[in-house]
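# Chains, contacts and geometry: an overview
Listed here are the chains, written in short residue letters.
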Amino acid sequence: MAWWGRVGARALLGLLWLIHWLPMGAQAALGRGLGALLHTFARRRRRIALRNLALCFPTWSPDKRAALVREHFGWLGRSLIERGLIWYAPAKRLKRLIHVEGQVDFADNHAGPVMWLVPHFMALDVAGMATQLFQQRRVASIYQRQSNEVFDARMRDGRLRFGRAEIFSRHEKALPLVRAIKRGAVFFNLPDMDFGARDAAFVPFFGVPAATLLAPARMAASLGMTVQPVIAEMLPGGQGYRVRFLPPWTNFPGKEDEVTATRRINAFIESEIAQLPAQYLWVHRRFKTRPPGEAKLY
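Residues numbered from 1 in each chain as written. Predicted model: local features only at pLDDT ≥ 70, side-chain atom pairs only at ≥ 80, totals over all residues. Heavy atoms only, no water.

### So, unusual backbone geometry
Formally: Only runs of H or I of at least four residues qualify as helices and only runs of E of at least two qualify as strands under DSSP, and these elements are numbered from the N terminus.
Of note, the amide linkage connecting Phe252 to Pro253 takes the cis form, showing an omega dihedral of 0°. Residue placement: Pro253 occurs in the loop between strand 9 (241–245) and helix 12 (258–275). The residue Asp199 is not glycine, and still its phi comes out positive at about 55°. Structurally, Asp199 is set in the loop between strand 5 (186–189) and strand 6 (200–205). In this model, Phe206 sits at a positive phi of 55°, which is unusual for a non-glycine residue.

Following this line, the structure appears as structure tokens:
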């Protein structure tokens, strides 16, 4: 990586470190302002979000979809600005800002392996912090390596700074992750990204075939894992965040085949998006990979 890429990354991280000292309400306001700028100038991401909404909500009017995208960019800007809070703030401050609900101690009290199913809402990293601050078992997860080595190192350090987690690149083999799970770590699993057709099936997502990883259903079956969904939400202004530890699923995948079980995961994510539509990661090309012979959607 060129030297100016490293210098620019360090400058941006320094700015995030300075911002994280501000009150939560001030950070939220800065984030919304950044989101407005991104909505204006990040035209490619705006088009992707609008296309996703057109595919998932074809009965909505164009004006309704455009309004939701504007709101979405406000939450997106906040998620970027508040990354410094997640990476740098002490545990005591984070515990004041993160409000956990539901069966937070399920993994602590469950003797077997557990998988947290965590869809890509804007407060995803807050969910990662909550799993380390409000329960005792170690956490294992997979992450997408960043092209900028300075950002990549900061992201890893930020997510691992409480000494309770292990993260593995998705480009590595699965064996180290499986070993961590067998040692007792809870798998913090992100099930809803398009990583191509490998190890995936085209499973409906809002009625549109989407390349969806089969690993969650396969691992739950092969390792005897109990699946517990976790949903993270950003709250307005300076109120902080809400992380809901939902009731664990029973009999998953049971006798279902892996594709049917994966459809169950997508249906669950759809139901959560219906409750919090503007905070889902619409700027990701969820339908990038197409079945053979189908035209591209972006």
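### A closer look at the nonpolar core
Rule in force here: Take the buried Ala, Val, Leu, Ile, Met, Phe, Trp, Tyr and Cys residues and link them wherever side-chain atoms come within 4.5 Å; each set so joined is a nonpolar core. For each residue, the accessible area found with a 1.4 Å probe, counting protein chains only, is set against the maximum for its type, and the residue is called buried under 20%, exposed over 50%, and partly exposed in between. Contacts: residue pairs with any heavy atoms within 4.5 Å of one another.
Counting residues in each nonpolar core, the largest one holds 87 residues, and the members touching the most others are Trp116, Tyr241, Val243, Ile273 and Trp282. The element best represented in this core is helix 8 (residues 124–133), accounting for six residues. When sequence neighbours within four positions are dropped, the list of residues in contact with Tyr241 reads Met24, Glu82, Leu85, Leu97, Ile98, His99, Ala123, Val126, Glu233, Met234 and Leu235.

### Brief notes about the environment of Glu82
Relative to the elements of secondary structure, Glu82 occurs in the loop between helix 4 (62–81) and helix 5 (83–88). You can call Glu82 buried: its relative accessible area is 2%. A sequence separation of 41 residues divides Glu82 from Ala123, and the C-alpha atoms of the two residues are 9.5 Å apart. With residues near it in sequence (within four places) discarded, Glu82 still touches Met24, Gln27, Ala28, Met234 and Tyr241.

### Observations regarding the sheet that holds strand 3 (residues 139–143)
Strands in a sheet are paired, the pairing made by backbone hydrogen bonds, and the direction either parallel or antiparallel. To be explicit about the condition: Here, strands pair whenever DSSP counts at least two bridges between them. Note on geometry: axes are lines fitted to C-alpha atoms, helical ones only across the stretch in contact, with angles between N-to-C directions running from 0 to 180 degrees.
An order of 1-9-8-2-5-3-4 is seen for the seven strands of this open sheet, with the pairing classed as mixed. A single partner strand is all that each edge strand has here, and the edge strands are strand 1 (98–102) and strand 4 (165–169). For this sheet, the mean inter-axis angle between neighbouring strands, taken without regard to orientation, is 25°. Both strand 1 and strand 9 contribute to a ladder of five bridges, which runs parallel. Of the residues in strand 9, the one forming a bridge with Gly102 is Phe245.

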